[in-house]
Amino acid sequence: MRRVYVIIVSLSIVVLAGVLWFVLSEEMKKEQMVNEAEEAESDPSSSKRSEEIDEQQQLKEDLKTTYEDGDYSFTNPMIEKDPYNFSPLSALALFQTDEAAEVTVIVEGKDGAKDIEKTISGSRTEHEIPILGLYPDATNQVILQAETESGETMKHEFEVETSSLPDDLIQPTIEESHPENMQDGLTFVVPSKKYPYAVDENAQVRWYSSMQSQHLFKRLENGHILLAPKNKEENGELVVMDMLGDIQDSYNVEVENYENNDIIHHDTIELPNGNLLATVHDGAEYIEDEMIEIDRETGETVNVVDMKEVMPSSFYEDYSGPGIENGEVDWFHQNAVSYDEKDDAILVSSRSQDIVVKMDYPDGDIKWILGSHENWPSSYEQYLLEPESEDMKFPGAQHAMTTLPDQDQNDATSDVLLFDNNKVITRGDEGKSEEFSQAVQYRINEEDHTVEQVWSYGKERGEEFFSFIIGDADHLPDDGNRLITSGYMLNSEDERESRIVEVTGSNDPEVVFEILLTGFTEDANNKAYRAERMPLYPQNQANPSIFQR
C-alpha cells in the first residue's frame with residue numbers, strides 16, 4: 001500500500017512539474033515576443049552631424065586664403081563659381097572698396113525674362129556678394145552697382161560662364177505664361193528624389209542644387225533651405241543650407257531594424273519654436289505613421305507622435321489596401337503635415353485612409369477629421385466633419401493640405417487648401433474615383449463641425465489632370481493665386497507627365513502660368529512631387545560671413 005502511495009505521489013510530482021514547465025515556457029515565449037515587438041518598434045533617435053559643417057568650413061578657409069593673397073577691388077572682384085559645391089548656377093563675388101558702400105548685384109534676364117536683382121543691405125568695405133540666377137551652359141551678364149556713404153555711385157559689368165545641366169534634370173516646356181498676372185518669384189520644382197531646381201517665367205532653369213533630395217525642399221524662417229539628401233550613404237539626414245549651397249546645419253535620424261534610405265520619408269516642417277517636425281519610419285511592421293520633433297539646437301528628439309495611438313486600432317490591424325509587402329503595412333501613409341498657428345494644432349494627411357486630421361500639438365487630441373463617414377467606430381463619429389451639401393466630395397489619396405489666411409472674416413471658420421488626387425484607397429466616392437484630380441479649398445466651421453467646398457480647380461480638365469500619386473496646392477499670399485502640381489499623369493499616348501499650373505483665386509479660375517515635364521519613366525524619381533513659388537534671394541537671410549570666420 002505504501003508503495004502504491006509513493007508511486008502516486010511521484011507521478012503527481014512529475015505531472016505538476018510538466019504543467020509548471022509548460023506554463024513557464026509559454027510565459028517565456030510571450031515575453032520573448034513582447035521584447036521582439038518592442039525592439040522592432042523602437043522610436044527613432046536624432047542627433048546633430050558635424051562632418052558636412054567641417055568640410056564647408058575648410059572650403060571657407062580656402063576661399064579666405066585665396067582672397068587675402070590677391071588684390072581684389074570693385075572693378076576686379078574675385079569670382080568663385082559654385083563656392084560650396086552644391087549650387088552650380090551661383091557664384092560668390094569678393095572684393096574691397098576704399099569707402100564703405102552698399103552693393104546691388106544684377107543678373108540680366110534673357111528673352112524678356114526679368115532681371116534677378118538683390119541689394120545687400122548695409123554699407124561696408126569688405127564685400128561678399130552672392131550671385132544667384134545664372135543661366136546654365138551660358139555666358140551670363142552680371143552687373144555690380146555700388147553707392148558709397150558719401151553718395152558716389154559705381155558700376156562694373158562682367159561675365160560668368162556656366163556649365164550645362166545634369167542629363168537627368170528635366171527641363172520643363174512652357175505651356176502658358178502671363179508674367180503680369182503671376183506672383184513674383186521663381187517656380188521651384190521639387191522632384192521625388194532628384195535635384196530641386198527653379199525656373200523663371202519662361203521655364204528657363206535659373207538655379208538648382210546638386211544635392212539630391214527626397215520630397216523635401218522648404219524655406220525656413222531664417223531664409224535657409226531644408227532638404228533630405230538622397231545622394232549619400234546616410235539613410236535619415238536633414239540638411240539646412242543657404243542658396244549658395246553653404247551648409248548651416250545637419251541632422252541625422254537613426255532607427256534600429258530599418259536599413260532603407262527613407263527614414264525621413266515625406267515631409268518636415270518648422271514649428272514656431274524653431275524645432276523640426278519630421279515624418280519618419282520607426283522600423284516596425286506598420287510604417288509611415290510616426291513623427292518626431294527634433295530640437296534645432298541639440299539635434300535630439302524631444303517628442304514622438306505615433307498615429308497608431310490616435311487612430312482606431314482596427315485601421316492598422318485590419319488594413320488590406322495597397323502598400324502591404326515585405327512584412328510592412330502602409331496602413332496610414334502620412335504624406336504631409338502642416339502647422340495651424342491659430343490654435344497650436346497640426347494637420348496630418350493620410351493617403352491610405354483618405355483623411356485629413358487636425359489635432360492639438362503636442363497633446364495629440366483630435367479636433368476634427370475631414371473624410372468620408374463610412375467605416376468609423378462610433379467613438380470617432382464626434383470628430384467627423386458634416387458636409388453642408390449632399391454633393392460635396394471628400395478628398396481621396398490627397399496631398400499637401402495647408403491652412404489659409406483668414407478668407408471670410410469669421411473667427412469660427414478655417415479654410416484648408418489641398419490637392420485631391422481623387423483616388424479612393426479606403427473610403428470615398430468610388431463612382432468619381434480617378435475621373436480627375438483637383439486643388440480644393442474647404443471651409444470648416446470648427447464650432448458647428450461642418451465643412452463646405454468653396455473653391456476648386458482641376459475637375460474641369462478631367463482625366464488629363466488626374467494624378468494617380470503625388471500632388472501639391474499652394475496659396476500664393478501676394479495676389480491670392482494658387483500654384484498647383486499634378487505630378488504623375490498619363491497623357492493620351494500613355495506617356496508620363498507632371499504639370500505645374502498657376503491659376504487665379506477667382507470663382508472662375510484663369511490659368512496665368514503652366515509648365516509641363518515629360519520624359520520620365522514609370523519608376524523615375526525626377527517627376528514633380530511639389531512646386532513652390534519663392535524669390536530666389538530670401539528677404540531675411542543673413543549675408544555670407546567668410547570675413548568673420
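Residues numbered from 1 in each chain as written. Predicted model: local features only at pLDDT ≥ 70, side-chain atom pairs only at ≥ 80, totals over all residues. Heavy atoms only, no water.

**Q** How should the overall build of the protein be read in this particular structure?
**A** Looking only at helices and strands, one finds three helices and 34 strands in the protein. Residue burial in the protein is summarised as follows: out of 549 residues, 55% are buried. The long-range share in the protein, meaning contacts at least 24 apart out of those at least 6 apart in sequence, stands at 58%. (Helix = DSSP H or I, 4+ residues; strand = E, 2+ residues; numbered from the N terminus. Buried < 20%, exposed > 50% of the residue type's maximum accessible area, 1.4 Å probe, protein only. Contact = heavy atoms within 4.5 Å.)

**Q** Help me understand the sheet that holds strand β28 (residues 438–445) in this model?
**A** Where strands meet in a sheet, backbone hydrogen bonds hold them as pairs that are either parallel or antiparallel. Across the sheet, five strands lie side by side as β25-β29-β28-β27-β26; this open sheet has mixed pairing. One side of each edge strand has no neighbouring strand; the edge strands of this open sheet are β25 (386–387) and β26 (399–403). Inspection of the sheet shows strand β27 (residues 413–420) paired to β28 by eight bridges, in the antiparallel sense. Across the sheet, residue Ser414 finds its bridge partner in β28, namely Ile444. (Pairing = 2+ DSSP bridges.)

**Q** Mind showing me how you'd approach the environment of Gln407 here?
**A** Mapped onto the elements, Gln407 comes out in the loop between β26 and β27. For Gln407, a relative accessible area of 28% translates into the label partly exposed. For Gln407, the residues in contact, after removing those within four places along its chain, are Asp415, Gln441, Arg443, His475 and Arg482. Within the structure, the side chain of Gln407 is placed 2.7 Å from the backbone oxygen of Pro405, a separation counted as a polar contact. (Polar contact = N/O pair within 3.5 Å; in protein donor to acceptor, adjacent residues only side chain to side chain.)

**Q** Before we go on, may I ask you to explain the packing of aromatic side chains in this structure?
**A** The geometry of an aromatic ring pair is captured by the separation of the ring centres together with the interplanar angle, meaning the angle of the planes. Across all of its chains, the model carries 14 aromatic pairs by this definition. Between Tyr286 and Tyr316, the ring centres sit 5.1 Å apart and the planes meet at 65°, which makes this aromatic pair edge-to-face. Of this pair, Tyr286 sits in the loop between β16 (276–280) and β17 (290–294) while Tyr316 sits in helix α3 (residues 313–317), placing them 30 residues apart in sequence. Here Tyr286 and Tyr316 have matching classes, each one buried. Seen from their ring centres, Trp331 and Phe332 are 5.0 Å apart, and the 50° between their planes marks the pair as tilted. Comparing Trp331 with Phe332 shows no difference in burial state: the two are buried. Among the aromatic residues, those joined into a ring-pair cluster are Tyr286, Tyr316, Trp331 and Phe332. The ring of Tyr84 carries Lys60 above its face, with NZ or CZ at 5.8 Å from the centroid. Sitting above the plane of the Phe468 ring, Arg351 keeps its charged end 5.9 Å from the centroid. (Phe/Tyr/Trp six-rings, centres within 6.5 Å; stacked < 30°, edge-to-face > 60°. Lys NZ or Arg CZ within 6 Å of the ring centre and 35° of its normal.)

**Q** Looking at this structure, I do not really get the sheet that holds strand β15 (residues 264–270). What am I missing?
**A** Judged by pairing direction, the sheet is antiparallel, and its four strands sit side by side in the order β15-β16-β17-β18 without closing on themselves. Each edge of the sheet is formed by a strand with only one pairing partner; in this case those strands are β15 and β18 (301–306). The sheet shows a mean angle of 20° between the axes of neighbouring strands, direction not considered. Bridge analysis of β16 against β17 gives five bridges, and the strand direction is antiparallel. Directly across from Val280, in β17, lies its bridge partner Glu290. (Axes fitted to C-alpha atoms, helices over the stretch in contact; angles between N-to-C directions.)

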